[in-house]
Amino acid sequence: MKIRFPRRERPVETPTPPPEGQPQPEPVVESEAQPALALAPPPPAEPEPAPKPEPEPLPAVVPLALRDRTPRGWNLWELERLARQLNVDPAASEERTLLLLHLRQFADPSGDLPVEFDPLVREAFGADLAALAR
């Protein structure tokens, strides 16, 4: 069973009129107007780009192969000196050392090799022969 209690009525407050001589405040009217928009702050200034680094100077042009393809005689002592300076790739270094060791039997006392060995020397040394002056 439900018990119902009588509702008490709240006394209604009546607005008291302001004393005479003072203006009446205007009633606040709530409207469904959109809230005022605020201006967004300006975007930050774009930083100045860093100065571009100076380009590196181009390396000296290295010929990939000798341009003069005419067969020539090579000096064994100069080839050995060049082989000692290169020592970059151990396998290629060993191959050049063994080749020069076997070519000694064909060189004359001044170290000059016959022209017939030109293709063999060019194949073993490649573009590195450009370091030798003619």
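Throughout what follows, the structure given in this document is the object of discussion. This structure is a prediction, so every number in the text was calculated from the model and none was measured. (Residues numbered from 1 in each chain as written. Predicted model: local features only at pLDDT ≥ 70, side-chain atom pairs only at ≥ 80, totals over all residues. Heavy atoms only, no water.)

Some remarks on helix α1 (residues 76-86)
Right, on to step 1. Listed in full, the buried residues belonging to α1 are L76, L79, E80, L82, A83 and L86. When α1 is viewed along its axis, its buried side chains cluster within an angular range of 160° and face the same direction. Turned more than 90 degrees from where α1 packs its buried face, R84 and Q85 sit exposed.
Right, on to step 2. Those residues of α1 that are buried lie in contact with α2 (90-103) and α3 (118-125).
Right, on to step 3. For α1, the N-terminal capping position is held by N75, with its side-chain oxygen 2.8 Å away from the main-chain nitrogen of W77. (Buried < 20%, exposed > 50% of the residue type's maximum accessible area, 1.4 Å probe, protein only. Helix = DSSP H or I, 4+ residues; strand = E, 2+ residues; numbered from the N terminus. Arc of directions from axis to C-beta. Contact = heavy atoms within 4.5 Å. Polar contact = N/O pair within 3.5 Å; in protein donor to acceptor, adjacent residues only side chain to side chain.)

A word on the packing of aromatic side chains
Right, on to step 1. One pass over the full model with this rule turns up one aromatic pair.
Right, on to step 2. Geometrically, the ring pair formed by F106 and F117 is tilted, given 4.9 Å between the ring centres and 40° between the ring planes. A residue pair is termed long-range when its members are at least 10 positions apart, and F106 in the loop between α2 and α3 and F117 in the loop between α2 and α3 qualify at eleven residues. (Phe/Tyr/Trp six-rings, centres within 6.5 Å; stacked < 30°, edge-to-face > 60°.)

Focus: the environment of D108
Right, on to step 1. Turning to its location among the elements, D108 is positioned in the loop between α2 and α3.
Right, on to step 2. Here D108 falls in the partly exposed class, since its relative accessible area comes to 33%.
Right, on to step 3. Taking the C-alpha atoms as reference points, D108 and L76, separated by 32 residues in sequence, lie 9.3 Å from one another.
Right, on to step 4. A distance of 2.8 Å separates the side chain of D108 from the backbone nitrogen of D112, its partner in a polar contact.

As for the packing of α1 against α2
Right, on to step 1. As a packed pair, α1 and α2 sit with axes 10 Å apart at the nearest point and diverge in direction by 165°. As the angle between them shows, α1 and α2 are arranged roughly antiparallel. Here α1 runs over α2; the crossing is left-handed. Together, L76, L79, E80, A83 and L86 of α1 and R96, L100 and L103 of α2 make up the contact between the two elements. (Axes fitted to C-alpha atoms, helices over the stretch in contact; angles between N-to-C directions. Parallel < 35°, antiparallel > 145°, perpendicular 65-115°, else oblique. Left-handed = near helix turned anticlockwise from the far one by under 90°.)

Read these as spatial facts, not as claims about activity.
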